[in-house]
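Here is how the chains run, residue by residue.
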Amino acid sequence: TNRGCKAIFVSGGATSILLRDGMTRAPVVRFATAKRAAEMKFFVEDPINFETLSLVFNKSSRFARLQSIQCAIAGKNLYMRFSCSTGDAMGMNMVSKGVQNVLDYLQNEYPDMDVMGISGNFCSDKKPAAVNWIEGRGKSVVCEAIIKEEVVKKVLKTEVAALVELNMLKNLTGSAMA
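- An unreviewed UniProt entry lists the protein chain under the name hydroxymethylglutaryl-CoA reductase (NADPH), with Solanum melongena given as the organism.
- We quote the UniProt Sequence similarities (unreviewed entry) comment for the protein chain here in full: "Belongs to the HMG-CoA reductase family."
- Here the protein chain is described in UniProt, under the heading Pathway (unreviewed entry), as follows: "Metabolic intermediate biosynthesis; (R)-mevalonate biosynthesis; (R)-mevalonate from acetyl-CoA: step 3/3."

What about the nonpolar core?
So, step 1. Grouped together as the largest cluster of nonpolar side chains are 27 residues, with contacts concentrated most on M40, V44, M80, F82 and L106.
So, step 2. Those elements giving two or more residues to this core turn out to be α2 (34-45), α3 (47-58), β3 (65-74), β4 (77-85) and α4 (92-109).
So, step 3. Per-element accounting of this core gives the leading share, 7 residues, to α4.
So, step 4. With sequence-adjacent residues up to four places away left out, M80 is seen in contact with R25, A26, P27, V29, M40, V44, I69, Q70, C71, L103 and L106.
So, step 5. Core analysis: the second largest hydrophobic core is formed by 5 residues, A26, F122, C123 and A129 among them.

Side note on unusual backbone geometry
So, step 1. The backbone of N121 shows a phi angle near 75°, a positive value even though the residue is not glycine.
So, step 2. Tracing the sequence through the fold places N121 in the loop between β5 (114-117) and α5 (130-135).
So, step 3. Notably, K157 is not glycine yet its phi reads approximately 60°, a positive angle.
So, step 4. Within the secondary structure, K157 sits in the loop between α6 (149-154) and α7 (160-177).
So, step 5. You can call K157 exposed: its relative accessible area is 64%.

Notes on the packing of aromatic side chains
So, step 1. On inspection of all chains with the given rule, the structure shows 3 aromatic pairs.
So, step 2. With a centroid separation of 6.1 Å and an interplanar angle of 75°, the aromatic rings of F31 and Y110 are classed as edge-to-face. With F31 in the loop between β2 (28-30) and α2 and Y110 in the loop between α4 and β5, this pair connects stretches of sequence that are 79 residues apart. Of the two residues examined, F31 and Y110, each falls in the buried class.
So, step 3. Judged by centre distance (6.5 Å) and plane angle (20°), the rings of F57 and F82 are stacked. One end of the pair, F57, is in helix α3; the other, F82, is in strand β4, and 25 residues separate them in sequence. Accessibility classification places F57 together with F82 in one group, the buried group.
So, step 4. By the ring-pair criterion, three or more aromatic residues cluster together here, those being F31, F43 and Y110.

Rules used in this analysis
Starting afresh in each chain, residues are numbered from 1 along the sequence in its written order. At least 70 in pLDDT is required for a residue's local features to be given in this predicted model, at least 80 for side-chain atom pairs to be given and counted, and no such filter applies to totals for whole chains, interfaces and linings, which use all residues. To obtain the side-chain values, all non-hydrogen atoms of the structure were included, while hydrogens and water were left out. UniProt positions are given in the numbering used here, feature names are shortened, and annotations may be inferred rather than shown by experiment. Buried Ala, Val, Leu, Ile, Met, Phe, Trp, Tyr and Cys residues that are joined via side-chain atoms within 4.5 Å together make up what is termed a nonpolar core. When a residue's accessible area, from a 1.4 Å probe over protein chains only, is under 20% of the maximum for its type it is buried; when over 50% it is exposed; and in between it is partly exposed. By the criteria applied, helices consist of DSSP H or I runs no shorter than four residues and strands consist of E runs no shorter than two, each listed in order from the N terminus. The criterion used for residue contact is that any of the two residues' heavy atoms lie within 4.5 Å. Each aromatic pair joins two rings of Phe, Tyr and Trp (for Trp, the six-membered one) with centres within 6.5 Å, and gets the label stacked for planes under 30 degrees apart, edge-to-face for over 60, and tilted for any other angle.

In structure tokens form, the structure reads like this:
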């Protein structure tokens, strides 16, 4: 790590850009019927209601801002995936507080709603999941550093061709085999 950082530094540094900031939390709620869960799904996903839900969410933090809510139904269970910007923080606590505020608000509109969990795992926190690859979760960034050939030799103590070959063997073929 130290040599890699030194190689980047002496080659002129790195650049990065924030592409997306969307931390997620997805509570699961249950109703007596699938029809009732669908009614809430339509309510939550209706753009007319988003402004109100956003105001309720945003009251919880100076930094967290609700960006979207994506719902999925499994029988009588409704999973609501809240996506939020979080400023410079990772932001799970502020996102969870905002989600709780919205759940409290929705409980008034849907008193028959049972909150099963603040996280129903549709977030999907700390687990590899297709939804995170497709929709993103947290901060999405692109970083770039160009390491000069002489730095590869002097600092990393190898040759560019050897690094390219190892990348092919390890990161492509080895990962595919694993």
